[in-house]
Structure formats: C-alpha cells, structure tokens
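What follows is the residue order along each chain.
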Amino acid sequence: MGPETTPWPVAGADAGSRAAPGEGTTLLIIAKEPVPGRVKTRLTPLYTSTEAAALAEASLTDTLHAVLAMPALRRVLVLDGRPGPWLPPGFTVVRQCDGGLDERLAAAFAACRGAALLIGMDTPQVTPALLAPALGADGWHDCDAWFGPAADGGFWALGLANPDPELLRGVPMSTAATGAAQRRRLTDAGLRVRDLPVLRDVDTARDAERVAAEAPSGRFARTLARLSRTGAG
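A brief structural summary. (Residues numbered from 1 in each chain as written. Predicted model: local features only at pLDDT ≥ 70, side-chain atom pairs only at ≥ 80, totals over all residues. Heavy atoms only, no water.)

For the protein, the count of helices and strands is 6 helices and 7 strands. For the protein, the succession of helices and strands along the chain, N to C, is β-α-β-β-α-β-α-β-β-α-β-α-α. Residues classed as buried in the protein amount to 51% of the 233 residues present. Sequence separation of 24 or more characterises 70% of the internal contacts of the protein that already satisfy a separation of 6 or more. As presented, the protein carries roughly 10100 Å² of accessible surface, and 52% of it is formed by carbon and sulfur atoms. (Helix = DSSP H or I, 4+ residues; strand = E, 2+ residues; numbered from the N terminus. Buried < 20%, exposed > 50% of the residue type's maximum accessible area, 1.4 Å probe, protein only. Contact = heavy atoms within 4.5 Å. Areas by Shrake-Rupley, 256 points an atom, 1.4 Å probe, with all protein chains shown as cover.)

A word on helix H6 (residues 219–227). Three or more residues of H6 are buried, namely Phe220, Ala221, Thr223, Leu224 and Leu227. Here the buried residues of H6 occupy an arc of 165 degrees about the axis, which is enough to place them on one side. Along H6, exposed side chains directed more than 90 degrees from the buried face belong to Ala225 and Arg226. Next to the buried residues of H6 lie helix H1 (49–68) and helix H5 (205–214). (Arc of directions from axis to C-beta.)

In this section: the nonpolar core. Formed by 34 residues in total, the largest nonpolar core has its most connected members in Ile29, Leu60, Leu64, Leu77, Leu131 and Trp156. Only strand E1 (26–32), H1, strand E2 (74–80), strand E4 (116–119), helix H3 (128–135) and strand E6 (155–160) provide two or more residues apiece to this core. It is H1 that provides the largest number of residues to this core, a total of 6 residues. Every residue in contact with Ile29, bar those within four places of it in the chain, is listed here: Leu60, Thr63, Leu64, Val67, Val76, Leu77, Val78, Phe91, Ile119 and Gly120. Counting 24 residues, the second-largest nonpolar core is a separate cluster that includes Val78, Ala106, Ala108 and Met173. (Core = buried A, V, L, I, M, F, W, Y, C linked by side-chain atoms within 4.5 Å.)

With respect to the element layout, Val193 can be found in strand E7 (residues 193–195). Here Val193 is in contact with Ala145, Phe147, Arg183, Leu186 and Thr187, once residues within four sequence places are set aside.

A sheet is described by the order of its strands in space; here 7 strands give the open sequence E3-E2-E1-E4-E6-E5-E7, paired in mixed fashion. Each edge of the open sheet is held by one strand with a lone partner, namely strand E3 (92–95) and E7. Recorded for the sheet is a direction-independent mean angle of 20 degrees between the axes of neighbouring strands. The pairing of E4 with E6 spans 4 bridges and is classified as antiparallel. When the sheet's bridge partners are listed, Leu117 is paired in E6 with Gly159. Here H3 sits on the sheet in contact with E1, E4, strand E5 (145–149) and E6, set at roughly 155 degrees to E4. (Pairing = 2+ DSSP bridges. Axes fitted to C-alpha atoms, helices over the stretch in contact; angles between N-to-C directions.)

Looking at where Asp102 falls in the secondary structure, it is placed in helix H2 (residues 101–110). Here Asp102 sits buried without a salt bridge, and the closest side chain of opposite charge, Arg169, lies 6.8 Å off (N-O distance). Excluding residues that lie within four positions of it along the chain, Asp102 makes contacts with Leu168, Arg169, Gly170, Val171 and Met173. (Lys, Arg positive; Asp, Glu negative; His and termini not counted. Salt bridge = Lys/Arg side-chain N within 4 Å of Asp/Glu carboxyl O.)

The next thing to look at is the environment of Ala116. Mapping Ala116 onto the fold places it in strand E4. If sequence neighbours within four positions are ignored, Ala116 has contacts with Thr25, Thr26, Leu28, Phe109, Trp140, Leu158, Gly159, Leu160 and Pro163.

On inspection of all chains with the given rule, the structure shows 11 salt bridges. A salt bridge links Asp144 to Arg192; the shortest N-O distance between them is 3.0 Å. Separated by 48 residues along the polypeptide, Asp144 in the loop between H3 and E5 and Arg192 in the loop between helix H4 (178–188) and E7 bring together distant segments of the chain. Among the residues examined, Asp144 registers a relative accessible area of 19% and is labelled buried. Between Arg206 and Glu209 there is a salt bridge, with the nearest N and O atoms lying 3.6 Å from each other. Of the two residues, Arg206 and Glu209 both sit in helix H5, 3 residues apart, roughly one turn of that helix. When its relative accessible area of 29% is taken as the criterion, Glu209 is described as partly exposed. In the salt-bridge network here, residues are joined through shared partners; they are Glu103, Glu166 and Arg169.

See below:
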C-alpha cells in the first residue's frame, strides 16, 4: 500500500525558508488518481473509461520511474485522489489544493524549499536525459527558470530556482495559448529562462499513438498495444 496523502505544506519543508539552487532540486509531479471516468476522458469512446484509466496509470507510472532515476533533493507527488499500487517507493505524497489548475500549480511550488521542477503525468515519453539539463550540476547557473513547452500550446515542465506562486496565479490554463502566457509571465518578471524540448501530451487517441511510437519500450506503449483495436486512431 502506498503512503497516505498529507496536507500542505510538503513534509520536511520549513515554512518561509528557501534553499540555494545548488543545494538540490525538488522534483514535483502533479497528477490525478487514475480512476475510470475521471482521467483521459478524451480517449473515450474509442477506449472504454476503464481502458482510458489504464492508459493514464501507465503514463503516470512511466513518469514516476523517470523521476526516480534522477537526482533530487526530494520527490513529491502532488495528487488529486489517493495513491495506489502503481506508486513506487521514494515519493512524498501530498494532496492537491482546491481551485483552478493555476492555483494548484502555485500551491505546489509554494510548498517547496529551494529550487523545484514540476512536470505533469501526460508525457510518458519523458526520460532522465530530457530532464538532465535542468538537474545537472550547472542546471541553475545563470538560469532562473526552466520551461518545457507542449505541442498543444501548453507546457509539460516548469522549473523555478526560487519558487514564487505569483508567477503562476492567474495564468489561463488549458488553452492553446497557456504555454506562451506562462513563459511570458516568467520573462516579464525578469527571469532568465531556459527551454526544455517540446513534448506531446497524451490527450487524444492520435496523441497516444504518436507518444507510444516515441517511447515504444515504456509501460504506456505496451498498454496501448494491448488495448488497441481495429479502427483505433
């Protein structure tokens, strides 16, 4: 059984304290419990709600294991729901706060101590190599923020050397202009921003096929292959 969820702030964080970026980076994954009918609803009706939840679980699991392979001060799963057997050891689990996505992302950063890098659960093709530029020894040298744009106009990763929740609050989420708006918020604040590669989120069946092709050995690709049927995509 996975760890119980805990309220904010993240366990081990000292309220109001900040660690220098060189002291390590907290890795955050923001995710939703893979429950049928609550996740990957755009994959239906081509896939049933149970199958869509299985794909969401596989995507989240691939992401969790990629994060486990990277050095970190702390690994935190910011979860809407409860942890299940899909959660490997090595993560602190905290519940998402109420409010819109901008508020939930802001709260995740506000609870961190020092530099933090947040990624979502919808890019199972993420690898340690993709995250390495932000997490290397010089990841925060002459850099205040890391930004990972998504192919749909959003973003899949956001890193802040000194997390400030106001950098996220009020940014319109889930639109084709979300990524541009978030990156502009960073540069308007005078931050030095470095970019990670563009990745595709898994939202539709076509997205799922393309992402699986990019990472054919992952759990997500294997799950998709098992569930695929004539006419899929």
